[in-house]
Protein chains: 2
Amino acid sequence: MNKPLTLVLCALCMALSLSAFSQKVNEADSLTIRNLYDMALLNGQSYDWLDHLSNEIGGRLSGSLEAERAVQYTKEELDKLGLDRVWLQPVMVPKWTRGFKEYAYVETAPGITKTVNVCALGGSVATSSLGVKAEIIEVQGIEDLKEYGKEQIEGKIVFYNRPMEANLISTFEAYGGCVDQRYAGAMEAAKYGAVGVVVRSMNLRQDDFPHTGSMSYGEAPVKSRIPACAISTNDADYLSKALGFKPDLKFYFKQSCKVYNDVQSYNVIGEITGSVYPNKYMIVGGHLDSWDLGDGSHDDGAGCVQSMEVLRLFKKINYTPRHSIRVVLFMNEENGLRGGRKYAEEAKLKQEQHLFALESDAGGFTPRGFSFDTDAANFAQVESWKPLFKPYLIHYFEKGGSGADIGPLKDGTVVLSGLRPDSQRYFDHHHAENDTFDAVNKRELELGGATMASLVYLFDKYGTKSTAIPVKK
Amino acid sequence: MNKPLTLVLCALCMALSLSAFSQKVNEADSLTIRNLYDMALLNGQSYDWLDHLSNEIGGRLSGSLEAERAVQYTKEELDKLGLDRVWLQPVMVPKWTRGFKEYAYVETAPGITKTVNVCALGGSVATSSLGVKAEIIEVQGIEDLKEYGKEQIEGKIVFYNRPMEANLISTFEAYGGCVDQRYAGAMEAAKYGAVGVVVRSMNLRQDDFPHTGSMSYGEAPVKSRIPACAISTNDADYLSKALGFKPDLKFYFKQSCKVYNDVQSYNVIGEITGSVYPNKYMIVGGHLDSWDLGDGSHDDGAGCVQSMEVLRLFKKINYTPRHSIRVVLFMNEENGLRGGRKYAEEAKLKQEQHLFALESDAGGFTPRGFSFDTDAANFAQVESWKPLFKPYLIHYFEKGGSGADIGPLKDGTVVLSGLRPDSQRYFDHHHAENDTFDAVNKRELELGGATMASLVYLFDKYGTKSTAIPVKK
């Protein structure tokens with residue numbers, strides 16, 4: 001093809017794309033989105049809500065007093081917003097408690113010890129009241145166990161020390177490449193006769209905080225379950241180096257965690273009933289439970305207050321949604337996902353058609369965009385909205401996962417999405433003592449809520465592709 | 001035009017764009033950029049350099065001992081990198097010192113005082129040794145002075161309290177909308193007989209840190225110069241509210257800052273001499289001086305160590321630049337810009353042709369992209385590189401400013417660019433006591449250095465548009 005003709009054709013196409021562009025970036029949408037951001041940044045409430053959740057209530061592990069206080073507080077706050085309905089959805093949740101603060105040391109010679117920072121993994125059994133003390137074997141992952149075999153592992157503590165890969169840009173991808181050690185490390189090591197497990201904290205930074213998180217013994221009988229703890233990255237490196245000098249050093253740890261019978265808790269739900277489609281639902285949520293070490297500000301107090309803020313912003317700018325829009329604060333994402341499952345079960349039971357679900361569970365950092373679990377047609381519609389987000393530096397629209405709590409809603413038609421904030425600092429705080437309110441920046445948190453509200457607004461106005469609603473221009 | 005024809009034309013154009021795309025995203029470029037990021041994230045040195053600059057040396061105000069130590073330290077570190085040349089470029093800089101810690105209070109009734117957090121603005125004169133005490137008049141900006149006139153201002157302290165606009169997405173834009181109060185507030189208020197000036201800190205957050213920064217008296221005679229200080233945002237709000245109750249309250253502040261004769265300092269420069277075009281220059285830099293309250297980690301220790309890292313990365317991945325690539329650590333950006341001017345003067349004097357200059361002076365936060373001060377042809381070339389940056393979530397490529405230090409190089413041909421990190425937290429720390437090393441995240445800092453190196457690599461390989469170099473495929 002010759003060059004002038006190419007240029008003409010390109011010019012034509014550009015003109016066509018531009019007309020498509022101006023169709024999508026219609027002024028009403030631009031203005032509504034501007035209003036949402038202005039309201040969030042100038043008169044936001046999410047930061048104050050998070051302050052209360054974090055500093056007045058604190059870590060909200062399922063089954064704890066704090067979790068129940070958080071249920072009561074967020075329901076009361078939703079009650080103040082003038083929504084059409086606010087209610088609690090009962091759900092039975094597991095109850096695991098950490099007990100006394102864990103204690104651990106490395107003994108390089110009899111009586112010569114160095115204390116190290118550990119914490120029990122969520123769901124771990126306790127050690128005996130005297131603790132566990134044994135030689136330690138360092139591995140780079142579960143796959144190494146087979147190589148060492150029972151003869152080298154039996155009677156020892158297995159130390160999983162594969163670090164997160166620092167050269168991955170997405171820290172979630174780096175986390176995904178390591179977390180099997182934490183989740184299944186004890187279950188697997190027990191098969192080789194290990195007496196305990198120490199896992200390098202899922203943290204890209206060198207520091208002294210051990211990071212907890214869920215683990216599973218699978219179907220292993222209770223008596224074969226071995227205690228498991230996480231060790232801070234600094235101490236993991238110390239331990240590894242010490243083993244280089246002294247392979248027969250001893251490791252000691254003591255923890256007194258305990259599993260109780262399931263207890264009743266709640267998902268907290270608020271709804272603005274749809275003006276056109278009251279029986280079609282779009283939801284936005286986060287999880288109200290958190291680990292117990294910090295106050296759960298980033299994981300996932302931030303997602304909860306941002307989700308509450310979405311509905312508050314709609315009320316404040318006098319937007320009347322066409323569909324029923326719900327905020328759902330899920331209980332028990334961290335160690336059971338009972339809230340997410342319960343919500344989906346009830347929705348199915350009541351034949352509530354869910355068109356769109358958005359979760360924020362990746363920290364209250366500067367929002368970059370969204371990932372989508374949906375089909376090509378719905379994704380194409382989302383891509384056509386990108387220009388509307390450009391003034392807010394929201395650029396990331398990719399296919400991928402959404403959020404754990406909304407996953408059970410997946411049925412082939414509902415569009416699932418997850419807010420994707422900047423991920424660089426997330427694992428510095430994730431599941432650790434320093435997941436605290438001071439690590440959340442007010443503006444970053446508010447930008448996330450406004451970004452979520454904008455996406456919910458667009459889905460509400462234009463519908464999802466299988467159920468698109470004609471819009472008056 | 002009918003629809004099928006449109007579709008055919010669009011398909012054609014898409015095919016053409018895709019071929020252009022695959023041309024630009026050639027594998028060699030992708031791989032080189034991947035190498036740069038891997039090296040920065042797995043074996044970066046910028047964080048350690050910054051640790052030393054911040055924690056071993058500290059705030060580096062022009063003319064201070066710390067500034068001289070920073071010159072010596074960074075030269076020594078550049079000497080270790082195996083560059084072709086490392087040298088110091090002498091430059092005379094102003095010397096202003098803060099003196100004793102400032103003290104201020106609000107007196108609502110005789111003897112009833114509340115201490116507030118202030119700091120002298122950079123370049124301000126001292127108060128008398130007894131301090132200044134006067135009634136205060138709150139204004140929203142310089143333009144209000146005329147309205148109040150001499151009769152309401154004379155003998156009083158003017159309190160500039162216009163806040164940064166929180167609903168602007170770019171905090172730099174919000175800063176730009178306020179900083180005239182700090183820069184020219186004293187000069188203007190003196191014309192109406194004011195005896196001092198208090199300026200609300202340029203900070204979007206509510207906290208207790210006063211933020212310093214440069215100010216000017218213009219050509220005003222020395223005896224007419226009035227002292228000026230910044231007040232923390234929390235205390236600015238307190239003062240404003242107190243004035244609501246008690247319009248005739250008194251404000252007291254005392255500061256002992258002093259201006260000395262200019263002293264000699266240096267720009268620190270390192271160079272990898274170009275293999276093809278040794279006499280054509282591309283530079284990357286930040287400013288080595290900082291304000292004195294914090295340790296200047298974000299402003300602009302980060303930019304210095306990222307710039308040093310660019311050259312280190314090139315050496316580490318064995319990249320041989322075609323042009324001469326320089327790192328320039330400019331002295332005296334904060335209160336004089338003497339280093340930037342000196343560098344440009346000497347470049348002109350020596351007829352050194354500069355093709356490209358990149359500055360990092362917006363904090364060590366997650367990089368989002370670059371702004372460019374250049375023509376359409378060069379900007380179009382940059383835009384064609386966007387796909388290469390996508391895996392690293394670098395998405396912001398816009399026309400706009402570059403950096404203060406490289407500004408004097410502007411001659412209509414050199415392409416000027418500024419790194420644009422996420423700006424949300426920048427002004428929480430800017431020019432304040434909490435601009436410290438702990439506020440910098442290692443990964444965010446390293447991502448910035450790798451992103452800068454990638455852009456310098458592309459400009460080096462493909463040249464700038466007026467001087468494009470044919471590249472062997």
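Every value quoted in this text rests on a predicted model; they were computed, and no experiment measured them.

Engineer: What exactly am I supposed to notice about the pattern of salt bridges here?
Structural biologist: Where charged atoms of side chains with opposite charge meet at close range, the side chains can pair. Residues and elements named next belong to chain A. Taken as a whole, this structure holds 52 salt bridges over all chains when the rule is applied. Residue R98 pairs with D292 through a salt bridge whose shortest N-O separation is 2.7 Å. In this pair, R98 sits in the loop between β1 (85–97) and β2 (103–109) while D292 sits in the loop between β11 (277–287) and α9 (297–316), placing the two residues 194 residues apart along the sequence.

Engineer: What am I meant to see in the interface of chain A and chain B here?
Structural biologist: The extent of an interface is frequently quoted as the accessible surface area lost upon association of the parts. Listed as interface residues are 36 residues of chain A and, on the opposing side, 36 residues of chain B. Between chain A and chain B, the buried area comes to about 3,200 Å², and carbon and sulfur atoms account for 61% of it. Of all residues in chain A, the largest losses of buried area upon contact with chain B belong to N167(A), I169(A) and R443(A), amounting jointly to 21% of the total for that side. Taken together, chain A and chain B are joined by 4 salt bridges. In this structure, K390(B) engages E398(A) in a salt bridge whose closest nitrogen and oxygen atoms are separated by 3.0 Å. Scanning the region where chain A abuts chain B turns up 20 residue pairs in polar contact (both at pLDDT 80 or more).

Engineer: Explain the pairing of strand β12 (residues 323–330) of chain A to me, please; I cannot follow it from the model alone.
Structural biologist: For a regular strand, the rule is simple: side chains alternate between the two faces of the sheet. All names here are of chain A. Counting buried positions along β12 yields 8 of 8 residues, so the element is predominantly enclosed. Alignment of strand β10 (residues 258–272) against β12, held across 5 bridges, turns out to be antiparallel. Bridging from a neighbouring strand, V268 pairs with L329 of β12. Strand direction decides the pairing type here: β11 and β12, joined by 8 bridges, are parallel. Looking at β12, one finds that M282 is bridged to I325. Once you follow β11 into α9 and on to β12, the crossover reads as right-handed.

Engineer: What exactly am I supposed to notice about the sheet that holds strand β16 (residues 415–421) of chain A here?
Structural biologist: By definition, the strands of a sheet pair up through backbone hydrogen bonds, in either a parallel or an antiparallel sense. Residues and elements named next belong to chain A. Across the sheet, which stays open at both edges, the 8 strands sit in the order β1-β10-β12-β11-β13-β16-β14-β15 with mixed pairing between neighbours. On the outer flanks of this sheet lie β1 and β15 (396–399), each paired with one strand and no other. Going from strand to strand, the sheet's axes swing by 20° on average, the running direction of each strand aside. Each of β1, β10 and β12 touches helix α4 (residues 65–79); the most contacted strand, β10, lies at about 5° to it. Along the sheet, helix α14 (residues 442–462) makes contact with β11, β12, β13 (353–359), β14 (367–373) and β16, crossing β14 at roughly 40°.

Engineer: Is there a simple way to think about the side chain of D289(B) in this case?
Structural biologist: Residues and elements named next belong to chain B. Residue placement: D289 occurs in the loop between β11 (277–287) and α9 (297–316). No salt bridge is formed by the buried D289; its nearest oppositely charged neighbour, R60, is found at 7.6 Å. Polar side-chain contacts of D289 include one of 3.0 Å to the backbone nitrogen of E334. If we ignore the near neighbours within four places in the chain, the residues touching D289 are R60, S62, D300, F330, M331, N332, E333, E334 and N335.

Engineer: Even after reading the chapter, I still don't get the relation of the copies chain A and chain B, so can you show me in this structure?
Structural biologist: Between the two copies of the chain lies a relationship made up of a rotation around an axis and a movement along it. Expressed as a screw transformation, the operator carrying chain A onto chain B has a rotation angle of 180° and an axial translation of 0.0 Å, and the superposed copies differ by an RMSD of 0.0 Å. Taken together, the rotation angle and the small translation identify this as a two-fold axis. Of the residues that chain A buries at the interface, 100% are likewise interface residues in chain B, meaning the two copies contact each other through the same surface.

Engineer: Hey, could you run me through the side chain of H429(A) in this one?
Structural biologist: All names here are of chain A. Among the structural elements, H429 can be located in helix α13 (residues 426–429). Take H429: its relative accessible area is 12%, and that puts it in the buried class. Not counting chain neighbours up to four residues away, the residues in contact with H429 comprise H211, H298, F365, N434, D435 and A439.

Engineer: Explain the packing of α9(A) against α14(A) to me, please; I cannot follow it from the model alone.
Structural biologist: Think of two packed helices as two axes; the pair is described by the angle between the axes and how far apart they sit. Residues and elements named next belong to chain A. For the pair α9 and α14, the least separation of the axes is 8 Å and the interaxial angle reads 55°. Judged on the interaxial angle alone, α14 and α9 are oblique. For the element pair α9 and α14, the recorded crossing hand is right-handed. Contacts between α9 and α14 pair A302, V305, Q306, S307, V310, L313 and F314 from the former with E444, L445, G448, G449, A450, M452, A453, V456 and Y457 from the latter. Partitioning the contact of α9 with α14 into residue classes produces 11 nonpolar, 4 polar and 1 charged.

Engineer: Looking at this model, I keep getting lost on the sheet that holds strand β7 (residues 196–200) of chain B. Mind explaining?
Structural biologist: Residue and element names in this part refer to chain B. Taken in spatial order, the 8 strands of this open sheet run β3-β2-β9-β5-β6-β7-β8-β4, and their pairing is mixed. With partners counted over all chains shown, the strands left at the sheet margins are β3 (112–115) and β4 (118–120), one partner each. Here the average twist between neighbouring strands, direction ignored, is 30°. Bridge count for strand β2 (residues 103–109) against strand β9 (residues 250–254) is 5 bridges, and the pairing is antiparallel. Considered in β9, the bridge of Y105 is made with Y252. Contacts from helix α5 (residues 143–153) reach β5 (132–139) and β6 (157–160), with the element oriented near 150° to β5.

Engineer: Can you help me understand the pairing of strand β3 (residues 112–116) of chain A in this one?
Structural biologist: Residue and element names in this part refer to chain A. Relative to β3, β2 is paired through 5 bridges, and the arrangement is antiparallel. Within β3, the residue paired with Y105 across the bridge is T115. In this antiparallel pair of consecutive strands, β2 and β3, the connection spans 2 residues, and G111 shows a positive phi of 85°.

Parameters and conventions
Residues numbered from 1 in each chain as written. Chains lettered and ligands numbered in written order. Predicted model: local features only at pLDDT ≥ 70, side-chain atom pairs only at ≥ 80, totals over all residues. Heavy atoms only, no water. Salt bridge = Lys/Arg side-chain N within 4 Å of Asp/Glu carboxyl O. Helix = DSSP H or I, 4+ residues; strand = E, 2+ residues; numbered from the N terminus. Contact = heavy atoms within 4.5 Å. Buried area = accessible area lost by both parts, 1.4 Å probe. Polar contact = N/O pair within 3.5 Å; in protein donor to acceptor, adjacent residues only side chain to side chain. Buried < 20%, exposed > 50% of the residue type's maximum accessible area, 1.4 Å probe, protein only. Pairing = 2+ DSSP bridges. Right-handed = clockwise from strand over helix to strand, strands pointing away. Axes fitted to C-alpha atoms, helices over the stretch in contact; angles between N-to-C directions. Lys, Arg positive; Asp, Glu negative; His and termini not counted. Least-squares fit on C-alpha atoms with pLDDT ≥ 70 in both. Parallel < 35°, antiparallel > 145°, perpendicular 65-115°, else oblique. Left-handed = near helix turned anticlockwise from the far one by under 90°. Nonpolar A, V, L, I, M, F, W, Y, C, P; charged D, E, K, R; others polar.

Spatial relationships are all this shows, so hold off on functional conclusions.
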